[in-house]
Amino acid sequence: MIDTHCHLIDPQFRKDLDEVLKRALKNGINKIVNAGYDVKTSQAAVEMGKEITWLLPAVGIHPNETAEQLIKEMSDIEKILKQEKVIAIGETGLDYYRDRSPRDAQQELFRKHIQSARIYSLPLLIHTRNSIDDTIGILKEEDYHCGVFHCYSGTLDQANIILDMGFYLGFGGILTFSKRIRDIFERLPINRIVLETDAPFLAPAGHRGERNEPYYIIETLNTAANILNVQPDHLEEIFDRNAKALFSL
Ligand SMILES: [Zn+2]
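Let me sum up the structure you'll find in this document.

Applying the stated criterion across every chain, the model contains twelve salt bridges. In this structure, the salt-bridge partner of E47 is K50, at a minimum N-O distance of 3.5 Å. Remark: K50 and E47 occur in helix α2 (residues 39-51); sequence separation between them is three residues, near one turn of the helix. Judged by its relative accessible area of 48%, K50 is partly exposed. A single salt-bridge network, built from bridges that share partners, covers D16, R23, R211 and E213.

Here we come to the coordination of the zinc ion. Octahedral metals with six donors have ideal donor angles of 90 or 180 degrees. Tetrahedral metals with four donors have an ideal donor angle of 109.5 degrees. With distances of 2.1 to 2.3 Å, the protein atoms coordinating the zinc ion are H5 (NE2), H7 (NE2), E91 (OE) and D198 (OD). Considering all four donor atoms around the zinc ion, angles at the metal cover 81 to 176° and the coordination shape is irregular. Spacing between the donor residues of the zinc ion along the chain follows H-x1-H-x83-E-x106-D. With a gap of 193 residues between them, H5 in strand β1 (residues 2-6) and D198 in the loop between β8 (193-195) and α8 (217-228) connect regions that are remote in the sequence. Exposure class is identical for H5 and D198. Each is buried.

All right, on to the sheet that holds strand β3 (residues 55-59) then. In space, the eight strands of this open sheet follow the order β1-β2-β3-β4-β5-β6-β7-β8, with parallel pairing throughout. The open sheet has two edge strands, β1 and β8, and neither has a second partner. With direction set aside, neighbouring strand axes in the sheet form an average angle of 30°. In this sheet, β8 lies alongside strand β7 (residues 168-171) in parallel orientation, the contact comprising three bridges. Along β8, the bridge assignment pairs L169 with I193. Packing against the sheet, helix α5 (residues 132-142) makes contact with β4 (88-95), β5 (124-129) and β6 (147-149), and its axis sits at approximately 145° to β5.

Another aspect to go through is the side chain of S42. When you line up the elements, S42 lands in helix α2. A distance of 3.1 Å separates a polar side-chain atom of S42 from the backbone nitrogen of G60. Residues within four places of S42 in sequence aside, it is in contact with G36, Y37, V59, G60, I77 and I80.

Let us now look at the nonpolar core. Of all hydrophobic cores here, the largest spans 70 residues; its most connected members are L8, I32, L139, F149, Y152, L169 and F171. If one sorts the elements of this core by residue count, helix α3 (residues 68-83) sits on top with six residues. When residues no more than four places from it in sequence are discounted, the contact partners of L8 are F13, L17, V20, L21, I32, N34, M48, L55 and P214. Formed by 14 residues, the second largest nonpolar core is a distinct cluster that contains A35, I87, V194 and A243.

Once that is clear, we can look at α8. Taking 1.5 Å of rise per residue, twelve residues should cover 16 Å, and α8 covers 17 Å from first to last C-alpha, within 8% of that figure. For α8, the elements touching its buried residues are β1, β7, α7 (179-186), β8 and α9 (232-247). Just beyond α8, the residue with positive phi is N229, at close to 55°.

Using the criterion set out here, one finds four aromatic pairs in the structure. Here F149 and F167 contribute two aromatic rings whose centre-to-centre distance is 5.5 Å and whose plane-to-plane angle is 80°, an arrangement assigned as edge-to-face. On the criterion of sequence distance, the pair formed by F149 in strand β6 and F167 in the loop between α6 (156-164) and β7 is long-range, its members being 18 residues apart. For the pair shown, F149 and F167 are each scored as buried. Ring geometry for Y152 and F171: centres 6.2 Å apart, planes at 65°, overall edge-to-face. One end of the pair, Y152, is in the loop between β6 and α6; the other, F171, is in strand β7, and 19 residues separate them in sequence. Within the aromatic cluster, the residues linked to one another by ring pairs are Y152, F171 and F185. The cationic tip of R103 hangs over the ring face of Y96; the distance from NZ or CZ to the ring centre is 4.0 Å. Over the face of the ring belonging to Y168 we find R192, whose NZ or CZ atom lies 5.5 Å from the ring centre.

Let us now look at the layout of surface pockets. Size it by volume and the largest pocket reaches roughly 550 Å³. Together, 21 residues line the largest pocket, and H62, R98, H127, D198 and L202 are the ones closest to its centre. Secondary-structure elements contributing two or more residues to the lining of the largest pocket are β5 and α7. For the lining of the largest pocket, the element with the highest residue contribution is β5, accounting for three residues.

Analysis parameters
Residues numbered from 1 in each chain as written. Predicted model: local features only at pLDDT ≥ 70, side-chain atom pairs only at ≥ 80, totals over all residues. Heavy atoms only, no water. Salt bridge = Lys/Arg side-chain N within 4 Å of Asp/Glu carboxyl O. Helix = DSSP H or I, 4+ residues; strand = E, 2+ residues; numbered from the N terminus. Buried < 20%, exposed > 50% of the residue type's maximum accessible area, 1.4 Å probe, protein only. Donors = N, O, S within 2.8 Å, 3.2 Å for Na, K, Ca; no water. Tetrahedral: all angles 85-135°; square planar, octahedral: opposite > 155°, others 65-115°. Pairing = 2+ DSSP bridges. Axes fitted to C-alpha atoms, helices over the stretch in contact; angles between N-to-C directions. Contact = heavy atoms within 4.5 Å. Polar contact = N/O pair within 3.5 Å; in protein donor to acceptor, adjacent residues only side chain to side chain. Core = buried A, V, L, I, M, F, W, Y, C linked by side-chain atoms within 4.5 Å. Expected span 1.5 Å × (residues − 1). Phe/Tyr/Trp six-rings, centres within 6.5 Å; stacked < 30°, edge-to-face > 60°. Lys NZ or Arg CZ within 6 Å of the ring centre and 35° of its normal. 1 Å grid on protein atoms, 1.4 Å probe; cavity = no way out; pocket = protein on both sides within 12 Å on 5 of 7 lines; lining within 4 Å. Points joined across faces, edges and corners; volume = space filled by probe spheres on them.

None of the figures reported here should be taken as evidence of function without further support.
See the structure below:
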(Lines give C-alpha, C1' and ligand atoms only; values in the text may rest on other atoms or scores of the structure.)
Protein backbone atom coordinates (compact mmCIF):
# COMPACT_ATOMS: atom_id res chain seq x y z
CA MET A 1 0.00 0.00 0.00
CA ILE A 2 1.15 3.54 -0.77
CA ASP A 3 1.31 6.36 1.78
CA THR A 4 0.83 9.31 -0.57
CA HIS A 5 1.94 12.05 1.81
CA CYS A 6 4.50 11.83 4.57
CA HIS A 7 7.49 13.76 5.96
CA LEU A 8 10.14 11.21 6.92
CA ILE A 9 12.73 14.00 6.72
CA ASP A 10 11.17 15.57 9.80
CA PRO A 11 13.52 15.66 12.83
CA GLN A 12 10.95 13.57 14.74
CA PHE A 13 12.10 10.55 12.70
CA ARG A 14 15.80 11.13 13.13
CA LYS A 15 16.27 8.73 16.01
CA ASP A 16 14.36 5.67 14.84
CA LEU A 17 13.73 5.93 11.10
CA ASP A 18 14.94 2.35 10.55
CA GLU A 19 12.35 1.02 12.99
CA VAL A 20 9.62 3.19 11.46
CA LEU A 21 10.43 1.84 8.00
CA LYS A 22 10.54 -1.74 9.25
CA ARG A 23 7.08 -1.35 10.79
CA ALA A 24 5.81 0.14 7.53
CA LEU A 25 7.11 -2.76 5.42
CA LYS A 26 5.87 -5.32 7.91
CA ASN A 27 2.39 -3.85 7.55
CA GLY A 28 2.48 -3.83 3.76
CA ILE A 29 3.31 -0.16 3.17
CA ASN A 30 5.85 -0.49 0.38
CA LYS A 31 5.88 3.01 -1.10
CA ILE A 32 5.90 6.36 0.67
CA VAL A 33 5.79 9.81 -0.87
CA ASN A 34 8.32 11.71 1.21
CA ALA A 35 7.67 15.43 0.91
CA GLY A 36 10.09 18.22 1.69
CA TYR A 37 8.78 21.49 3.08
CA ASP A 38 11.78 23.77 2.54
CA VAL A 39 15.04 23.64 0.60
CA LYS A 40 16.91 21.63 3.23
CA THR A 41 14.24 18.99 3.70
CA SER A 42 13.60 18.79 -0.04
CA GLN A 43 17.26 18.03 -0.63
CA ALA A 44 17.15 15.53 2.24
CA ALA A 45 14.11 13.79 0.71
CA VAL A 46 16.00 13.42 -2.58
CA GLU A 47 19.05 11.96 -0.83
CA MET A 48 16.91 9.60 1.24
CA GLY A 49 15.23 8.37 -1.94
CA LYS A 50 18.58 7.49 -3.49
CA GLU A 51 19.40 5.30 -0.53
CA ILE A 52 15.95 3.81 0.01
CA THR A 53 14.27 3.61 -3.36
CA TRP A 54 10.73 3.02 -2.09
CA LEU A 55 10.75 6.46 -0.42
CA LEU A 56 9.66 8.68 -3.30
CA PRO A 57 10.87 12.28 -2.97
CA ALA A 58 8.78 15.41 -3.48
CA VAL A 59 10.28 18.89 -3.30
CA GLY A 60 8.77 22.23 -2.38
CA ILE A 61 8.36 24.98 0.18
CA HIS A 62 5.41 24.68 2.57
CA PRO A 63 3.31 27.86 2.83
CA ASN A 64 3.94 27.90 6.58
CA GLU A 65 7.59 28.37 5.75
CA THR A 66 6.92 31.22 3.39
CA ALA A 67 8.32 34.63 3.89
CA GLU A 68 9.14 37.00 1.10
CA GLN A 69 12.78 35.98 1.09
CA LEU A 70 11.79 32.33 0.65
CA ILE A 71 10.58 33.13 -2.84
CA LYS A 72 14.25 33.53 -3.65
CA GLU A 73 14.83 30.04 -2.25
CA MET A 74 12.52 28.66 -4.89
CA SER A 75 15.49 28.93 -7.24
CA ASP A 76 17.20 26.29 -5.07
CA ILE A 77 14.18 24.02 -5.49
CA GLU A 78 14.39 24.63 -9.24
CA LYS A 79 18.05 23.65 -9.10
CA ILE A 80 17.17 20.36 -7.40
CA LEU A 81 14.55 19.73 -10.07
CA LYS A 82 17.11 20.23 -12.81
CA GLN A 83 19.46 17.66 -11.33
CA GLU A 84 17.37 15.07 -9.57
CA LYS A 85 14.44 12.80 -10.21
CA VAL A 86 11.43 13.55 -8.01
CA ILE A 87 7.89 12.27 -8.00
CA ALA A 88 5.95 15.45 -7.21
CA ILE A 89 6.15 19.16 -6.42
CA GLY A 90 5.26 19.99 -2.84
CA GLU A 91 4.39 20.45 -0.22
CA THR A 92 3.01 23.71 -1.52
CA GLY A 93 -0.22 25.67 -1.30
CA LEU A 94 -1.77 28.42 0.79
CA ASP A 95 -2.25 28.64 4.55
CA TYR A 96 -4.43 31.50 5.79
CA TYR A 97 -4.97 29.83 9.14
CA ARG A 98 -1.47 30.20 10.48
CA ASP A 99 -0.96 33.18 8.22
CA ARG A 100 2.73 33.37 9.02
CA SER A 101 3.51 35.28 5.89
CA PRO A 102 1.68 37.78 3.68
CA ARG A 103 -0.94 36.22 1.45
CA ASP A 104 0.43 37.76 -1.72
CA ALA A 105 3.87 36.25 -0.99
CA GLN A 106 2.25 32.84 -0.43
CA GLN A 107 0.35 33.15 -3.68
CA GLU A 108 3.46 34.12 -5.62
CA LEU A 109 5.36 31.17 -4.19
CA PHE A 110 2.47 28.81 -4.99
CA ARG A 111 2.42 30.03 -8.60
CA LYS A 112 6.14 29.33 -8.86
CA HIS A 113 5.53 25.75 -7.73
CA ILE A 114 2.81 25.38 -10.35
CA GLN A 115 5.18 26.65 -13.03
CA SER A 116 7.81 24.10 -12.00
CA ALA A 117 5.20 21.36 -11.97
CA ARG A 118 4.29 22.29 -15.52
CA ILE A 119 7.89 22.32 -16.73
CA TYR A 120 8.56 18.84 -15.33
CA SER A 121 5.02 17.45 -15.85
CA LEU A 122 4.68 16.58 -12.17
CA PRO A 123 1.69 16.42 -9.84
CA LEU A 124 1.34 19.00 -7.05
CA LEU A 125 1.01 18.11 -3.36
CA ILE A 126 -1.31 20.88 -2.27
CA HIS A 127 -1.81 22.11 1.28
CA THR A 128 -4.75 24.43 2.00
CA ARG A 129 -5.99 25.85 5.22
CA ASN A 130 -8.83 28.40 5.21
CA SER A 131 -7.74 29.03 1.65
CA ILE A 132 -9.41 26.52 -0.68
CA ASP A 133 -11.22 29.07 -2.84
CA ASP A 134 -8.06 31.08 -3.49
CA THR A 135 -6.15 27.86 -4.18
CA ILE A 136 -8.76 26.77 -6.70
CA GLY A 137 -8.73 30.26 -8.24
CA ILE A 138 -4.97 30.25 -8.75
CA LEU A 139 -4.96 26.74 -10.23
CA LYS A 140 -7.70 27.80 -12.65
CA GLU A 141 -5.80 30.94 -13.63
CA GLU A 142 -2.64 28.93 -14.13
CA ASP A 143 -4.68 26.29 -15.94
CA TYR A 144 -3.00 23.41 -14.09
CA HIS A 145 -4.93 20.25 -13.36
CA CYS A 146 -2.60 17.62 -11.96
CA GLY A 147 -2.09 16.80 -8.31
CA VAL A 148 -3.75 16.14 -4.99
CA PHE A 149 -5.37 18.32 -2.35
CA HIS A 150 -3.75 16.54 0.56
CA CYS A 151 -5.48 16.02 3.89
CA TYR A 152 -8.74 17.32 2.51
CA SER A 153 -10.79 19.38 4.95
CA GLY A 154 -13.02 21.60 2.80
CA THR A 155 -16.72 21.30 2.00
CA LEU A 156 -18.46 18.82 -0.29
CA ASP A 157 -19.15 21.57 -2.85
CA GLN A 158 -15.49 22.56 -2.93
CA ALA A 159 -14.51 18.88 -3.24
CA ASN A 160 -16.69 18.51 -6.30
CA ILE A 161 -15.14 21.58 -7.93
CA ILE A 162 -11.65 20.20 -7.22
CA LEU A 163 -12.56 16.79 -8.68
CA ASP A 164 -14.08 18.44 -11.76
CA MET A 165 -10.76 20.22 -12.29
CA GLY A 166 -9.00 16.86 -12.41
CA PHE A 167 -7.38 16.74 -8.99
CA TYR A 168 -7.38 13.93 -6.46
CA LEU A 169 -8.31 14.28 -2.80
CA GLY A 170 -6.09 12.89 -0.05
CA PHE A 171 -7.50 11.65 3.25
CA GLY A 172 -5.58 10.80 6.38
CA GLY A 173 -5.96 10.44 10.14
CA ILE A 174 -8.68 13.09 10.38
CA LEU A 175 -11.05 10.64 8.70
CA THR A 176 -10.85 8.46 11.81
CA PHE A 177 -12.08 11.15 14.20
CA SER A 178 -14.03 13.80 12.28
CA LYS A 179 -17.68 13.12 11.52
CA ARG A 180 -17.82 16.08 9.16
CA ILE A 181 -14.97 14.68 7.04
CA ARG A 182 -16.50 11.18 7.09
CA ASP A 183 -19.79 12.58 5.78
CA ILE A 184 -17.97 14.24 2.88
CA PHE A 185 -15.76 11.21 2.18
CA GLU A 186 -18.81 8.97 1.90
CA ARG A 187 -20.22 11.06 -0.94
CA LEU A 188 -17.10 11.21 -3.12
CA PRO A 189 -16.17 8.99 -6.08
CA ILE A 190 -13.81 6.37 -4.69
CA ASN A 191 -11.64 6.33 -7.82
CA ARG A 192 -10.46 9.89 -7.11
CA ILE A 193 -9.29 9.40 -3.53
CA VAL A 194 -5.87 8.55 -2.16
CA LEU A 195 -4.83 7.79 1.41
CA GLU A 196 -1.98 9.36 3.33
CA THR A 197 -0.67 9.84 6.85
CA ASP A 198 0.99 13.29 6.77
CA ALA A 199 3.26 11.72 9.41
CA PRO A 200 4.65 12.87 11.80
CA PHE A 201 1.49 15.00 12.01
CA LEU A 202 -2.22 14.21 12.34
CA ALA A 203 -2.12 10.77 13.93
CA PRO A 204 -5.38 8.79 13.66
CA ALA A 205 -7.80 8.10 16.51
CA GLY A 206 -6.16 5.98 19.16
CA HIS A 207 -2.82 7.70 18.61
CA ARG A 208 -3.85 11.35 18.81
CA GLY A 209 -1.22 13.57 20.31
CA GLU A 210 1.46 11.01 19.44
CA ARG A 211 3.86 11.10 16.54
CA ASN A 212 2.15 9.70 13.47
CA GLU A 213 3.94 7.14 11.27
CA PRO A 214 3.26 5.44 7.93
CA TYR A 215 1.88 2.12 9.17
CA TYR A 216 -0.97 3.92 10.95
CA ILE A 217 -2.40 4.38 7.45
CA ILE A 218 -3.98 0.95 8.02
CA GLU A 219 -6.29 2.56 10.57
CA THR A 220 -7.44 5.15 8.08
CA LEU A 221 -7.95 2.39 5.52
CA ASN A 222 -10.05 0.40 7.99
CA THR A 223 -12.12 3.48 8.82
CA ALA A 224 -12.70 4.11 5.11
CA ALA A 225 -13.72 0.47 4.62
CA ASN A 226 -16.14 0.79 7.53
CA ILE A 227 -17.73 3.94 6.18
CA LEU A 228 -18.20 2.42 2.73
CA ASN A 229 -19.04 -1.04 4.05
CA VAL A 230 -16.49 -2.82 1.85
CA GLN A 231 -13.50 -5.05 2.52
CA PRO A 232 -10.28 -3.15 3.35
CA ASP A 233 -8.31 -5.29 0.85
CA HIS A 234 -10.62 -4.31 -1.95
CA LEU A 235 -10.38 -0.64 -1.02
CA GLU A 236 -6.60 -0.80 -0.70
CA GLU A 237 -6.38 -1.99 -4.29
CA ILE A 238 -8.48 0.93 -5.49
CA PHE A 239 -6.53 3.53 -3.50
CA ASP A 240 -3.23 2.12 -4.74
CA ARG A 241 -4.45 2.17 -8.32
CA ASN A 242 -5.44 5.82 -7.85
CA ALA A 243 -2.06 6.69 -6.33
CA LYS A 244 -0.24 4.99 -9.20
CA ALA A 245 -2.26 7.00 -11.70
CA LEU A 246 -1.65 10.24 -9.77
CA PHE A 247 2.11 9.76 -9.53
CA SER A 248 2.56 7.89 -12.86
CA LEU A 249 4.04 4.88 -11.05
ZN1 LIG B 1 2.31 17.53 4.86
